[in-house]
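# Breakdown of the fold
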Amino acid sequence: LNDCSDVQRKDPLDMDGHGTEVAGTIAAKGNNYQTSDFRTYTVGVTQYARLMAVKITCRHGNDNFELPYLTDAIAGIEYAVRMKASVIIGPWGFTVPLPNSLVDDLRTVIKNGESTALYVASAGNGDMDIDAGSVPLWPQRLGLQNLIVVAATDPSDMRWVNKPGFLGSNYGASSVDIGAPGADGTTYSVQAGGVSPTTTATTAAAYGGTSAAAPHVAGCAALLQTIRAMTPKDLKGHLIKTGEPKSLPIKPFAGSTKRLDCGNAVSKLLRDVTAPLSPAGLEINPP
């Protein structure tokens, strides 16, 4: 855990629970309710995703706790793209003033997945307009065609703001593409069982923020890919196009801003999938 030089070779054990919560929202196993403990009752957006853990937080030198470094994040994305991940989720962001060569590297590794991987980023919890020049937040402001940036919405389908523990969801009419449920305390997901490799995630608890919103989009994207494989650009467009129009301070699509509607996204894709034509000239011979 002390060697940050090779992200994919580090032990991917989740030491603080954030990755486990995100993974659970995407693909927690369903139909496993235990009446003796309601806390185990949760289910992911899709039951068909295969998850790959890529750890980008580890100790550097004499650090007293784990923090993500941009160099580690870049290495992790590069590894996920190389391993042919079709959806990559990064519920984090780095505030780095330009010019900076690491931001250029971050752009490059995400863009390298332009034909294979949709990158799902959380908008962040600073209650800020990240379009502003004073907020150099990356990768949220990269504007790549295979990058979709997700704001958090509350149960009233408004931008989530002013909840204990966070300031509220970031937003941006140019940088943020879609909203998804993520108000603090409204999303339940599995919790890490501990720091021992022998323990497992056995309970569920509430969490929130844009780190809860982004995996709703990532899970839906993975579900759509099981119905029909799409390019990252088309997948991003379908998620936004099929979203439900809501009054959100994010990027407009066809004149309105959208909140994720995974049911509609799936339904429209299923209607677009047509059965192949029967081969011509075939005869059924009696036995």
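One structure accompanies this document, and this report is about it. All figures in this text were calculated on a predicted structure; none of them were measured in a lab.

## Notes on unusual backbone geometry
The peptide bond linking Leu98 to Pro99 adopts the cis configuration, its omega dihedral lying at 0°. Examined against the element boundaries, Pro99 turns out to sit in the loop between strand E4 (94-95) and helix H3 (101-111). Of note, the amide linkage connecting Trp138 to Pro139 takes the cis form, showing an omega dihedral of 10°. Mapped onto the elements of the fold, Pro139 is located in the loop between strand E6 (137-138) and strand E7 (147-153). Of note in this structure, Lys84 is not a glycine but carries a positive phi near 70°. Topologically, Lys84 is positioned in the loop between helix H2 (70-82) and strand E3 (87-90). Under the relative-accessibility criterion, Lys84 is labelled exposed at 66%. The phi dihedral of Ala254 falls on the positive side, at around 50°, and the residue is not glycine.

## Notes on the packing of H2 against H3
Contact geometry of H2 with H3 gives a least axis separation of 9 Å together with a crossing angle of 15°. With respect to each other, H2 and H3 are oriented roughly parallel. Considering the relative orientation of H2 and H3, their crossing is left-handed. Taken together, the residues of H3 that come into contact with H2 (itself represented by Leu70, Thr71, Ile74, Ile77, Glu78 and Val81) are Leu102, Val103, Asp105, Leu106, Val109 and Ile110. When the residues that make up the contact of H2 with H3 are grouped by side-chain class, the tally is nine nonpolar, one polar and two charged.

Reading guide: rules and limits
- Residues numbered from 1 in each chain as written.
- Predicted model: local features only at pLDDT ≥ 70, side-chain atom pairs only at ≥ 80, totals over all residues.
- Heavy atoms only, no water.
- Helix = DSSP H or I, 4+ residues; strand = E, 2+ residues; numbered from the N terminus.
- Buried < 20%, exposed > 50% of the residue type's maximum accessible area, 1.4 Å probe, protein only.
- Axes fitted to C-alpha atoms, helices over the stretch in contact; angles between N-to-C directions.
- Parallel < 35°, antiparallel > 145°, perpendicular 65-115°, else oblique.
- Left-handed = near helix turned anticlockwise from the far one by under 90°.
- Contact = heavy atoms within 4.5 Å.
- Nonpolar A, V, L, I, M, F, W, Y, C, P; charged D, E, K, R; others polar.

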